[in-house]
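The primary structure of each chain is shown beneath.
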Amino acid sequence: MAVWDDLVGQDRVAAQLTAAARDADAYVTAAAAGEPAPTGGSSMTHAWLFTGPPGSGLATAARAFAAALQCVSPDRALGGPPGCGFCDGCHTTLVGTHADVRIVRTDLLTIGVKETRDLVRRAQLSPAGGRWQVIVLEDADRLTEGAGNVLLKAVEEPAPRTVWLLCAPSTEDVLPTIRSRCRQLSLRTPPVQAVADLLIRRDGVDPALAHDCARATQGHVGRARRLATDERARARRTTVLRIPLRVDGVGGCLKAAQELIDAATEDAKQMAEELDGKETEELRAALGGSEGKRMPRGTAGAMKELEDRQKRRATRTQRDSLDLALTDLTAFYRDVLARQLGTAVGVGGGGADDAVAEVAGSSRPEQTLRRMEAVLACREALDRNVAPLLAVEAMTVSLRSA
């Protein structure tokens, strides 16, 4: 299985990265043999910026490229492209254990100066055993302004055989001085059928459910997988898509708003439970503690730091869960508008067709557009740190009065 197999619907990007990996392999091979570097144009460069909508596979593309850069398959000598997916370099990179590949993601709202300085120091090191020193920054859009300025110097003056792979939703989410020094690759939303095929092949999902979840999430690979493999996630989505049927009075609006907040909170709580317990136990074991016994002296600070980080992550997770629910609601009204305008192609899916038909038959297209604007206004209010319940209550009242 090549490293590109999970990069769904991005053939153009995979071809560009394969060409760059070939040139990078030729450069390192020549250097190891004491030969001059190959002359002529090169597809390889020291800094890359992957951009695209959520679910397009930014992190997947960056990891696949990192694996291809570390590929040590003997097939390369016979003309095969780097990125076999089976050799030690590819395997350890993909599972996150390669000594020369640092994959950085954050569960917090921002990436600060301290963390970025640590990355810059690492970038100055020579590869310990691999072919390149690779740093994958999956949330480059979360860099603070100070952290971005720290990163800029490392990108301006790259160390030999160090590669930066930055991921962000758009070029506008990265400082202009940084993006001007990166080679930019734009990914697109994968086709629904391609996402469904991936769920069937990789996760063994029933074909009908796989297609329904892929259509419901509009080609978002990660969300489609969670929806297909988690019955509770499907139940919460159904709750969200029933809200338009329940805003027939002020009382119904307020109750629907509370249920939407509760659904997002429960979703965030489920994800936190999956991570927090594992992290806590791993840290306790690393510090020499054991279940049912007091922690060794001097370790309270480390445990407190982990608890604080988990609380900050919970805040972001709840905000992301609520934003996801609002995205599903927008997709619902887009389906309503499509039906009202006589378009047969639906977007939302996920068993909401009856609700779409009911709302479409009882309202006009201009009302639907105003309701979509109300959902957008709610998302903007949340970005301005308006209290979530207040923002959602204002939205549900607007859905009723549109």
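Residues numbered from 1 in each chain as written. Predicted model: local features only at pLDDT ≥ 70, side-chain atom pairs only at ≥ 80, totals over all residues. Heavy atoms only, no water.

Q: Residue-level account of the packing of helix α7 (residues 192-203) against helix α8 (residues 207-216), with values.
A: Put simply, α7 and α8 touch, their axes get as near as 8 Å, and they point 135 degrees apart. Between α7 and α8, the angle is such that the two are oblique. Like other packed secondary-structure pairs, α7 and α8 cross with a definite hand, here right-handed. Here V192, Q193, V195, A196, L199 and I200 of α7 lie close against α8, whose contacting residues are P207, A210, H211, A214 and R215. The residue makeup of the contact of α7 with α8, split by class, is eight nonpolar, two polar and one charged. (Axes fitted to C-alpha atoms, helices over the stretch in contact; angles between N-to-C directions. Helix = DSSP H or I, 4+ residues; strand = E, 2+ residues; numbered from the N terminus. Parallel < 35°, antiparallel > 145°, perpendicular 65-115°, else oblique. Left-handed = near helix turned anticlockwise from the far one by under 90°. Contact = heavy atoms within 4.5 Å. Nonpolar A, V, L, I, M, F, W, Y, C, P; charged D, E, K, R; others polar.)

Q: Outline the packing of helix α4 (residues 113-123) against helix α5 (residues 145-156), supporting the account with residue identities and numerical values.
A: Two elements in contact, α4 and α5, have axes whose closest approach is 8 Å; the angle formed by their N-to-C orientations is 10 degrees. It follows from the interaxial angle that α4 and α5 lie roughly parallel. Of the residues in α5, those in contact with V113, T116, R117 and V120 of α4 are G146, A147, V150, L151 and A154. Considering only residue class, the contact of α4 with α5 consists of six nonpolar, two polar and one charged.

Q: Break down the side chain of R179 for me, with residues and values.
A: For R179, the position within the fold is in helix α6 (residues 176-179). Leaving out residues up to four positions away in the same chain, R179 has contacts with L49, T171, E172, V174 and Q184.

Q: Describe the packing of aromatic side chains, listing the residues and the values that go with them.
A: The description of an aromatic ring pair uses the distance of the two centres, along with the angle that the planes make with each other. For the structure on display, the rule yields three aromatic pairs. Both rings, one in F332 and one in Y333, keep their centres 5.4 Å apart while their planes meet at 85 degrees; by these two values the pair is edge-to-face. Comparing F332 with Y333, the two get one shared label, buried. The ring of W48 carries the charged tip of R183 above its face, separated from the ring centre by 5.4 Å. (Phe/Tyr/Trp six-rings, centres within 6.5 Å; stacked < 30°, edge-to-face > 60°. Buried < 20%, exposed > 50% of the residue type's maximum accessible area, 1.4 Å probe, protein only. Lys NZ or Arg CZ within 6 Å of the ring centre and 35° of its normal.)

Q: With reference to specific residues and values, describe the pattern of salt bridges.
A: Evaluation of the coordinates by the stated rule reveals 19 salt bridges. Among the salt bridges present, the one from R202 reaches D6, with a minimum N-O distance of 3.8 Å. Of this pair, R202 sits in helix α7 while D6 is found in the segment before α1 (11-32), placing the two residues 196 residues apart along the sequence. Looking at D6, the relative accessible area reads 25%, which means it is partly exposed. In this structure, R76 engages D25 in a salt bridge whose closest nitrogen and oxygen atoms are separated by 2.5 Å. Highlighted residues: R76 in the loop between α2 (58-69) and α3 (88-95) and D25 in helix α1, separated in sequence by 51 residues. The buried category is assigned to D25, whose relative accessible area is 14%. By sharing partners, the salt bridges in this structure join D6, R202, D203 and R225 into a single network. (Salt bridge = Lys/Arg side-chain N within 4 Å of Asp/Glu carboxyl O.)

Q: Quick rundown of α8? Include the residues and the values.
A: Two residues of an α-helix separated by three or four positions point the same way, owing to the 3.6 residues in each turn. Every buried residue of α8 is listed here: A210, C213, A214 and A216. Considered in projection along α8, the buried side chains sweep an arc of 165 degrees and stay on one side of the axis. For α8, the secondary structure elements touched by its buried residues are α7, α9 (221-229) and α10 (231-241). Among the residues of α8, the N-terminal cap falls to D206, whose side-chain oxygen and the backbone nitrogen of A208 are separated by 3.1 Å. Taken from the residues just after α8, Q218 is the one with a positive phi, measuring 60 degrees. (Arc of directions from axis to C-beta. Polar contact = N/O pair within 3.5 Å; in protein donor to acceptor, adjacent residues only side chain to side chain.)

Q: Requested: an account of the nonpolar core, with residues and values cited.
A: By size, the foremost hydrophobic cluster in this structure holds 36 residues, and its most contacted members are W4, W48, F50, F65 and L165. Contributions of two or more residues to this core are made by α1, β1 (47-51), α2, β2 (101-104), β3 (133-137) and β4 (162-168). Setting aside anything within four residues of it in sequence, one finds W48 in contact with L17, A20, S43, F65, V163, W164, L165, L166, C182, R183 and L185. (Core = buried A, V, L, I, M, F, W, Y, C linked by side-chain atoms within 4.5 Å.)

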